[in-house]
Amino acid sequence: MPQNSGYDQLYASGQNNYTGTSLEYDEMNFEDFFKNELDALKEAGNYRVFADLERRKGSFPKAVRHSEDGTREVTVWCSNDYLGMGQHTSTVEAMKEAIDRCGAGAGGTRNISGTNHYHVLLEQELADLHAKEAALLLTSGYVANWAALGTLGARLPDATIFSDALNHASMIEGMRHSRANKAIWKHNDVEDLARKLADADPDTAKIVAFESVYSMDGDIAPIAEICDVAEQYGAMTYLDEVHAVGMYGPRGAGIAEREGLMDRVTLIQGTLGKAYGVMGGYITGSANLIDFVRSFASGFIFSTALPPALAAGACASVRHLKNSDLERMRQRRNVRKVRERLDALGLPHMDNDSHIIPVMVGDPKKCKFISDLLLEQYGIYVQPINYPTVPKGTERLRITPSPMHSDEDIDNLVTALSELWSQCALARAVA
Ligand SMILES: *Cc1c(COP(=O)(O)O)cnc(C)c1O
């Protein structure tokens, strides 16, 4: 079978000393292909290097970084465990207890022996959080968006999804997979959304998909106005509150809760992996909507349920943040404090109403350089954010203060940034 020989040789190369030279001209050299693609990525400055961290319970935001030079303690300034709930006693103890009670894995898909009582309790907790009739737990926020938008877009008759231009990759993949019509409206621009809705066939099913807090700019969607126009055109609303759950609203249900709008949004999606500090994704909505996704979404049906301990930990974390404002208040104080210190030093950061502080570098090489030096010389870890995650020329350091950062941590961060700003001859903002 000549068409298989390239594969065979490649396979054999795992055991033998395959040099890559014996393939015929018409056979694909997979190794060369992978390497060339990676080289191109490196050349463009888009190759991702992970910091090898060992989080230490009780020391957040400190972690131990492993590198070729050994280990070193670093202060993490870019975690999405926004409130440190991943190490909170209530979360950790709930997980330990569930492991002791139920063991490690769920043992199956939700349909075939994998539904654990902890999943059921968590779904009740999440439905209550968002004041919806029902909730459905999925393996991640990514899978939740992909499966829910994918299923709705594919199965609603002649559906068109009206998608904010800055929506997350998981929503984009869901829409793509659904093969529904797609209309992209300008980011947070309600007039553009209204125009696009007005242009659409009145008889088709319409879904308006957007986020509350956008993770890279930290800006917040005008949810009330979006619901107004969606209602005017009979569209359902799909809101990703991934960066807002746990963080906003009196019970931590997100921006829609804070603004008293939860009942106007058809479907609220969230994650248990960011402010709740564990892992998992979910959707909430009417009983029929949730049952529909439960019954038709391949990404839900054919995948092993989350370990019971994750559900137990997430449930404890959600419950804790429903009743405690302490973490949110302390976190907000630190956000304010970092912003003030950056302002005092003229270090430019994007102004927004959220907990995300994008410090603007505006150059991919300098952005990476500053991040590298912060880590190597100052023991401060902030991942650089470059194209294609953000537009070229808006390269940045995305800083996320937690309630656990001390005044000394803040002092070290802004002092280091200021020194590196001078070293890179970057412009300062005028106060
Ligand atoms: C992180 C993220 C997701 C995915 O959630 P995970 O639980 O991490 O898979 C979805 N939407 C947005 C806006 C995100 O930033």
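Position labels on residues start from 1 in each chain and follow its written sequence. Residues qualify for local features only when their pLDDT is at least 70, as the model is predicted, and side-chain atom pairs are given and counted only at 80 or more; totals for whole chains, interfaces and linings, by contrast, use all residues. Here the side-chain values reflect all heavy atoms present in the structure, with hydrogen atoms and water set aside.

**As for the overall build of the protein**
Every helix listed is a DSSP run of H or I at least four residues long, and every strand listed is a run of E at least two residues long, numbered separately from the N terminus. Along the protein, the regular secondary structure elements total 16 helices and 14 strands. Relative to its length of 431 residues, the protein is compact, with a C-alpha radius of gyration of 24 Å against a globular reference of 22 Å. Considering the protein as a whole, with its 431 residues, one finds that 51% of them fall into the buried category. Sequence-distant contacts, at least 24 apart, represent 69% of the contacts inside the protein between residues at least 6 apart. Only the protein chains shown count as covering a residue, and every accessible area follows the Shrake-Rupley method with a 1.4 Å probe. Taken as a whole, the protein presents about 20,600 Å² of accessible surface, with 51% of it coming from carbon and sulfur. Only four residue types enter the charge count, namely Lys and Arg as positive and Asp and Glu as negative; His and the chain termini do not. A charge is said to be at NZ when it belongs to Lys, at CZ for Arg, at CG for Asp and at CD for Glu. Of the side-chain charges in the protein, 43 are positive and 58 negative, and the distance between the mean point of each set is 4 Å. In this description the radius of gyration comes from C-alpha coordinates, and the expected globular size is given by 2.2 Å times residues to the power 0.38. Burial status follows relative accessibility: with a 1.4 Å probe on protein chains alone, a residue under 20% of its type maximum counts as buried, one over 50% as exposed, and anything between as partly exposed. We call two residues in contact whenever any of their non-hydrogen atoms come within 4.5 Å of each other.

**Remarks on the site of the ligand**
We define proximity as follows: a residue is near a molecule or strand when any one of its heavy atoms falls within 4 Å of that partner. Taken together, the residues surrounding the ligand are Ser140, Gly141, Tyr142, Asn145, His168, Ser170, Glu211, Asp240, Val242, His243, Thr271 and Lys274. By the criterion applied in these results, polar contacts are pairs of N or O atoms within 3.5 Å in which, for protein atoms, one can donate a hydrogen and the other can accept it, and in which residues neighboring in sequence qualify only through two side-chain atoms. Aspartate 240 is positioned such that a nitrogen or oxygen atom in its side chain is 2.7 Å from a nitrogen atom of the ligand. Expressed as a share of its isolated accessible area of 380 Å², the protein-covered part of the ligand is 84%. In this classification, Asp, Glu, Lys and Arg are treated as charged, Ala, Val, Leu, Ile, Met, Phe, Trp, Tyr, Cys and Pro as nonpolar, and every other residue, Gly included, as polar. A breakdown of the residues in the shell around the ligand according to their chemical character gives two nonpolar, seven polar and three charged.

**Comments concerning the sheet that holds strand β12 (residues 380–381)**
Any two strands between which DSSP finds at least two bridges are classified as paired. Pairing in this open sheet of four strands is mixed, and the strands run β1-β2-β3-β12 from one edge to the other. Sheet topology places β1 (52–55) and β12 at the edges, where each strand pairs with a single neighbour.

**Concerning the confidence of the model for the protein**
In this model, the protein carries an average pLDDT of 93, and 94% of its residues clear a pLDDT of 70 or more. Confidence over residues 1–18 falls short of pLDDT 50; this stretch has 12 contacts with residues more than four positions distant or in other chains. Note on scores: pLDDT gives the predictor's confidence for each residue, bounded by 0 and 100.

**Structural notes on the nonpolar core**
Definition of nonpolar core: a set of buried residues of the types Ala, Val, Leu, Ile, Met, Phe, Trp, Tyr and Cys, connected through side-chain atoms within 4.5 Å. Val208, Phe210, Ile223 and Leu272 are the most contacted members of the largest nonpolar core, which has 58 residues in total. A total of eight residues in this core trace back to one element, the largest contributor, which is helix α13 (residues 308–323). Sequence-distant contacts of leucine 272, that is, excluding residues within four places in its chain, are made with Leu122, Leu126, Leu137, Gly277, Val278, Met279, Gly280, Tyr282, Ala314 and Val318. By size, the runner-up hydrophobic cluster in this structure holds 31 residues, among which are Ala63, Val335, Leu342 and Ala416.

**Side note on the pairing of strand β5 (residues 160–164)**
For β5, the buried fraction is high: five of the five residues fall into the buried class. Residues Thr160, Phe162 and Asp164 line one face of β5 and the alternating positions Ile161 and Ser163 line the opposite face, and both faces are buried. Pairing between β5 and strand β6 (residues 181–185): five bridges, direction parallel. Among the inter-strand pairings, isoleucine 161 is bridged to a residue of β6, identified as lysine 182. Seen with the strands pointing away from the viewer, any crossover whose path from the first strand over the helix to the second strand runs clockwise is right-handed. Note on the crossover from β5 through helix α7 (residues 169–178) to β6: the handedness is right-handed. In the sheet, β5 pairs with strand β7 (residues 206–211) via four bridges, with the strands oriented parallel. Each bridged residue has a counterpart across the sheet, and for phenylalanine 162 the counterpart in β7 is valine 208.

**Looking at the packing of helix α8 (residues 190–199) against helix α9 (residues 223–232)**
Fitted lines through C-alpha atoms serve as axes, helices being fitted only where they are in contact, and the angles separating the N-to-C directions of these axes extend from 0 to 180 degrees. The N-to-C vectors of α8 and α9 enclose an angle of 10 degrees; their axes lie 10 Å apart at closest approach. Looking at the two axes, α8 sits roughly parallel to α9. Crossing angle aside, the handedness with which α8 passes α9 is right-handed. Packed against α8, whose contacting residues are Val190, Leu193, Ala194 and Leu197, the element α9 presents Glu225, Ile226, Val229 and Ala230 at the interface. Counted by class, the contact of α8 with α9 contains seven nonpolar, no polar and one charged residues. Orientation categories follow fixed angle ranges, with anything under 35 degrees roughly parallel, anything over 145 roughly antiparallel, 65 to 115 roughly perpendicular, and all other angles oblique. A clockwise turn of the near helix away from the far one marks a right-handed crossing, whereas an anticlockwise turn of less than a right angle marks a left-handed crossing.

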